[in-house]
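Coordinate analysis (summary)
In case you want the letters, here they are:
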Amino acid sequence: MTGIDVVLTACLLANAAGLGAAAFVLLRPRAQPTGPRLLSFAMGVLVGTVLLDLLPHLWEATGSFVTLTALFAVALLGSWWLDRVCPCVGHPHAGGSGSAGHAAQDAPVAPARRGVLLWVGDFVHSVVDGAVIGGALALGVVPGSVATMAVAIHEVPRRIAVVTLLVRAGHHPLRALLITLGTGTGTLVGGALVWWWAPAVSLLMPVALAVAAAALFYVALAHSPSLFGAAWRQRLAVERALPFSAGLLLIHLSHHVHELLG
Ligand SMILES: [Zn+2]
């Protein structure tokens, strides 16, 4: 096995657990992927990914608060443009079939667009994770295995969150799984890029981190009215806060695992 084969295999392996978990959540009998608990969990994962995973890495990559803020602001503006202005992403309120009724009363914003932003953000995040795996494998087998494991662990809540939000955006569960399978190939792209063009990747890394963080942050912001909205304020407050915290905590813990082993 050559070096690049090892990198690509590790990138594929890092996806396996997350995809398995997402498939289990969506396809188990009486699955209710748009239910309030799973949605709150997905939001916790999303917020945790932005605040505890992507932004700290962006800070490491730039080392400057001004650069970080500028990159994040531009990427956030880009997310807004893709969500609200860009004609490339369906007409507002046009998306959604299966869960459209549920989504319509919960989220007044265009669900189809949010789906695109979500998978764009998730794909770029996967590229970053692939680059982390490739970079660590270039240093040796042990750091490479640790990085692969760390990515695989945080893939589990991440994939569950992404398929949940995709289904809520109106995609059929199987289609949501296929999309997340597609966004997961970003790890292969990131791994191969860092293996062949490491200097170019270290230049592009801050941009990729900012794009992923901003896109996912935008999706989280867009979903927050339905999460914390008046309709839910009286009932289900605890039912929503607990899964939200669980999602946040899982992302936090997966990072500790990386630091402990690394
Ligand atoms: Zn990550």
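The structure contained in this document is the topic of the report that follows. (Residues numbered from 1 in each chain as written. Predicted model: local features only at pLDDT ≥ 70, side-chain atom pairs only at ≥ 80, totals over all residues. Heavy atoms only, no water.)

The full count for this structure, using the stated rule, is five salt bridges. The shortest N-O distance in the salt bridge between Asp122 and Arg158 comes to 3.0 Å. Taken together, the residues Asp122 in helix α5 (residues 111-139) and Arg158 in helix α6 (residues 141-168) connect sequence positions 36 residues apart. Of the two residues, Asp122 and Arg158, neither departs from the other in class, the shared state being buried. Asp129 is the salt-bridge partner of Arg158, the closest N and O atoms lying 2.7 Å from each other. With Arg158 in helix α6 and Asp129 in helix α5, the pair connects residues that are 29 residues apart, well separated along the chain. Each member of the pair, Arg158 together with Asp129, is buried. One salt-bridge network, held together by shared partners, links Asp122, Asp129, Glu155, Arg158 and Arg159. (Salt bridge = Lys/Arg side-chain N within 4 Å of Asp/Glu carboxyl O. Helix = DSSP H or I, 4+ residues; strand = E, 2+ residues; numbered from the N terminus. Buried < 20%, exposed > 50% of the residue type's maximum accessible area, 1.4 Å probe, protein only.)

Along the chain, the position of Thr180 falls in helix α7 (residues 173-184). Contacts of Thr180, omitting those with residues within four sequence positions, involve Leu19, Asp122, Arg159, Val162 and Val163. (Contact = heavy atoms within 4.5 Å.)

Another aspect to go through is the nonpolar core. Nonpolar side chains in soluble globular proteins tend to end up buried together. Counting residues in hydrophobic clusters, the biggest one holds 51 residues, and the most contacted among them are Leu46, Leu118 and Leu165. Listing elements by their share of this core, those giving two or more residues are α1 (3-27), α2 (36-62), α3 (65-85), α5, α6, α7, α9 (198-228) and α11 (237-261). Looking at which element gives the most residues to this core, the answer is α9, with 13 residues. Those residues in contact with Leu165, other than ones at most four positions away along the chain, are Leu39, Ala42, Leu46, Leu118, Val219 and His223. (Core = buried A, V, L, I, M, F, W, Y, C linked by side-chain atoms within 4.5 Å.)

What follows deals with the side chain of His171. Turning to its location among the elements, His171 is positioned in the loop between α6 and α7. Taking relative accessible area as the criterion, His171 reaches 16% and is therefore assigned buried. A polar contact of 3.0 Å, which involves the side chain of His171, links it to the side chain of Arg175. With sequence-adjacent residues up to four places away left out, His171 is seen in contact with Leu166, Ala176 and Ile179. (Polar contact = N/O pair within 3.5 Å; in protein donor to acceptor, adjacent residues only side chain to side chain.)

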